[in-house]
Amino acid sequence: MPEPTIHPRALPSDLTDDDLHIRPHSDDHLAFGPEQAGWRYLSYVVHPFGQGRHAIPAATDREACVVVQSGRNVTITDDEGRSWSLPGRDSVFTDLPSALWVPDGRRLTVQTADPPADGMSVVVVARAPRSPRDGVATEPIAILPSDVVVETRGAGNATRQVSHIIAPSFPADRLEVVEVYTPSGNWSSWPPHKHDVDAMPGEAVLEEIYHYQFRRPEAWAIQRVYRDDRSRDAMFEVRHGDVVIVPDGYHPFAATHGDDAYYLNALAGDRRTMACSFDPDLDWVRATWADMPMDPRVPLVPPRSDG
């Protein structure tokens with residue numbers, strides 16, 4: 001059974017702190033690929049668009065996941081005339097996601113019947129090159145809100161919501177995609193974890209991005225990215241629409257008091273897993289969660305039973 005090459009560790013990264021923190025252009029567009037990120041696989045593009053049809057260019061030999069962040073009654077069409085209807089949502093805080101996974105680099109066209117009040121719909125596209133892995137679906141798969149598995153993770157003020165779009169069990173190739181909601185004042189990606197060496201079953205190499213939004217767009221939050229030896233130790237004030245690249249190291253997040261936070265994690269690697277290791281100085285906290293109540297505000301966006 002063919003399998004992709006398993007790399008023993010992430011590529012060495014000499015990106016500066018400024019390189020890790022990507023801010024959108026004035027039109028909210030944002031795009032980068034492996035060359036800018038300094039890794040092997042993952043690319044990510046934010047597509048804001050108004051009325052009419054919006055084209056997502058082709059990308060040879062790449063799988064893709066298209067996630068609707070805003071805009072309702074969305075139709076995605078390929079060049080063969082096949083189309084997929086997604087309910088979409090007004091914003092990431094009003095409903096669970098709709099998405100389309102495609103196994104190849106086909107060109108797509110997106111149209112929204114009901115854009116948000118500000119007139120701009122947004123879809124994001126994560127891509128990764130195909131591998132020789134068996135078991136990957138050969139046809140596109142639409143993901144509806146009722147398909148999204150909602151997990152409440154952590155406890156106390158580390159309680160957060162994880163909404164799984166492309167889980168390890170999904171028949172994708174390299175891509176995995178989740179959305180995470182962190183209530184005001186809470187911590188997520190906690191205890192700090194990393195996934196930059198292949199040491200299964202405890203850890204796999206995964207490239208990852210954090211793409212942020214806030215219930216109040218003027219808000220900000222804190223993202224840290226650091227290594228054991230502190231040869232990288234970056235702290236970012238992240239704002240609505242920003243992206244942080246995580247090529248290696250630990251990467252905890254904290255929402256400021258008063259502002260609920262969201263981020264989309266897109267990941268890519270050689271294995272279909274989210275296995276990670278935790279900062280040994282802070283891993284003890286997980287043992288306390290069994291006797292600690294969860295934050296009753298979670299889930300911030302409840303699961304749905306209808307399509």
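Just above, that's the structure.
Notes on the structure in this doc start here. This structure is a prediction, so every number in the text was calculated from the model and none was measured.

## Observations concerning empty space enclosed by the protein
Taken as a whole and judged by the stated rule, the model has one cavity of 30 Å³ or more. Space inside the largest cavity adds up to approximately 100 Å³. Among the residues making up the lining of the largest cavity, the classes are represented as eight nonpolar, two polar and three charged.

## Concerning the sheet that holds strand E18 (residues 233-239)
One open sheet accounts for four strands, arranged E14-E20-E17-E18; its pairing is antiparallel. If you trace the sheet from one side to the other, it starts and ends with strand E14 (187-188) and E18, each paired once. One ladder, built from seven bridges, connects strand E17 (residues 220-226) with E18; its direction is antiparallel. Looking across to E18, one finds that tyrosine 226 is bridged to aspartate 233.

## As for the sheet that holds strand E11 (residues 149-153)
Backbone hydrogen bonds hold the strands of a sheet together, and the pairing may be parallel or antiparallel. Judged by pairing direction, the sheet is antiparallel, and its seven strands sit side by side in the order E1-E19-E16-E21-E13-E12-E11 without closing on themselves. Edge positions in the open sheet fall to strand E1 (21-22) and E11, since each of these has one partner strand only. The pairing of strand E16 (residues 206-214) with strand E19 (residues 243-246) spans four bridges and is classified as antiparallel. The partner of tyrosine 210 across the bridge, within E19, is valine 244.

## Quick notes on the pattern of salt bridges
Summed over the entire model, instances satisfying the criterion amount to 23 salt bridges. With a shortest N-O distance of 2.9 Å, arginine 239 and glutamate 237 are connected by a salt bridge. In this structure glutamate 237 comes out as partly exposed when scored by relative accessible area, which is 38%. Through salt bridges that share partners, Asp78, Asp104 and Arg106 make up one connected network.

Calculation notes
Residues numbered from 1 in each chain as written. Predicted model: local features only at pLDDT ≥ 70, side-chain atom pairs only at ≥ 80, totals over all residues. Heavy atoms only, no water. 1 Å grid on protein atoms, 1.4 Å probe; cavity = no way out; pocket = protein on both sides within 12 Å on 5 of 7 lines; lining within 4 Å. Points joined across faces, edges and corners; volume = space filled by probe spheres on them. Nonpolar A, V, L, I, M, F, W, Y, C, P; charged D, E, K, R; others polar. Pairing = 2+ DSSP bridges. Helix = DSSP H or I, 4+ residues; strand = E, 2+ residues; numbered from the N terminus. Salt bridge = Lys/Arg side-chain N within 4 Å of Asp/Glu carboxyl O. Buried < 20%, exposed > 50% of the residue type's maximum accessible area, 1.4 Å probe, protein only.

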